[in-house]
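Observations on the model geometry
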Amino acid sequence: VPAYIIGQWTLPKATYAQAARALKSAPQVDGEAQIFGSEAAILAGKRPSEERGALENAVAEAPANPRGWMVVSDAYAAGGDRRRAAAALAQALTLAQHEFYLSEPLLARSANLWPWLDHDSRSSAVRITRQLWDVPESRSDLLVLAASPSGSKLIDTSFEADGETSKLVHDWLGSADRDRD
């Protein structure tokens, strides 16, 4: 199940619930298993804010796990604590500078928490957004990001200093969007 979680593939809620029970039975010092256990519980229907304590303990055991910090951020955001959500996301952004498989979820969260992100985190989000453009195989993640108003704004912010690239990005997004219709 962790591979399905990482790949963002949907499984039945009952499968996530079983996985959560199994993963949470791992030793508490296995932070990665605990992170996946909490994430599986959330995907099974548990509120993210209910998993916050378990997630905080899990990232204390696995502090270099960017995905864990991302899920901690979700738990804080779900509880309405945007400042702590942004601080947890800052950790994820720092740790995942070149983790392309996390680019789209990191950027979606960054766009939503933009007003609460510190300068370094905003710079990281802009850098990751630009990297998606620079690696043609990753450009499809820009389509997902562009689908939300906050994501579209992040794209605009990321390319505003380079008018020529901004035009290319927006032309590509428009063309790709038309191709999907």
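Residues numbered from 1 in each chain as written. Predicted model: local features only at pLDDT ≥ 70, side-chain atom pairs only at ≥ 80, totals over all residues. Heavy atoms only, no water.

1. Comments concerning the environment of Trp 172
- In this structure, Trp 172 sits in helix α11 (residues 163-180).
- Along the primary structure Trp 172 and Arg 139 are separated by 33 residues, whereas in three dimensions their C-alpha atoms are 9.3 Å apart.
- Dropping the residues within four chain positions of it, Trp 172 is found in contact with Trp 133, Arg 139, Ser 140, Leu 142 and Leu 143. (Helix = DSSP H or I, 4+ residues; strand = E, 2+ residues; numbered from the N terminus. Contact = heavy atoms within 4.5 Å.)

2. As for the packing of helix α5 (residues 66-78) against helix α7 (residues 103-113)
- Packing of α5 against α7 brings their axes to within 11 Å, and their N-to-C directions diverge by 35 degrees. Seen along the crossing, α5 lies across α7 with a hand that is left-handed. Taking contact as the criterion, the partners of Met 70, Ser 73 and Asp 74 in α5 are, on α7, Pro 105, Leu 106, Arg 109 and Leu 113. (Axes fitted to C-alpha atoms, helices over the stretch in contact; angles between N-to-C directions. Left-handed = near helix turned anticlockwise from the far one by under 90°.)

3. A few points about the environment of Ala 58
- Looking at the secondary structure, you find Ala 58 in helix α4 (residues 52-61).
- Counting along the chain gives 12 residues from Ala 58 to Lys 46, while the straight-line C-alpha distance between them is 17 Å.
- If we skip the residues at most four places from it in the chain, Ala 58 touches Gly 31, Gln 34 and Ile 35.

4. Considerations on the confidence of the model for the protein chain
- For the protein chain, the mean per-residue pLDDT works out to 92, and 97% of the residues sit at or above 70.
- Across the protein chain, helix α6 (residues 82-95) holds the top mean pLDDT of 97, while helix α1 (residues 2-6) sits lowest at 82. (pLDDT = per-residue confidence, 0-100.)

5. A closer look at α5
- Taking 1.5 Å per residue as the helical rise, α5 with its 13 residues ought to reach 18 Å, and the 18 Å between its terminal C-alpha atoms agrees with that figure.
- Counting buried positions along α5 yields 11 of 13 residues, so the element is predominantly enclosed.
- Where α5 is concerned, the buried positions are Pro 66, Arg 67, Gly 68, Trp 69, Met 70, Val 71, Val 72, Ser 73, Ala 75, Tyr 76 and Ala 77.
- Where α5 is buried, its residues touch α1, α3 (31-43), α4, α6 and α7.
- The opening residue of α5, the one whose side-chain oxygen lies 3.0 Å from the backbone nitrogen of Arg 67, is Asn 65.
- Looking one or two places after α5, you find Gly 80, whose phi comes out positive at around 90 degrees. (Expected span 1.5 Å × (residues − 1). Buried < 20%, exposed > 50% of the residue type's maximum accessible area, 1.4 Å probe, protein only. Polar contact = N/O pair within 3.5 Å; in protein donor to acceptor, adjacent residues only side chain to side chain.)

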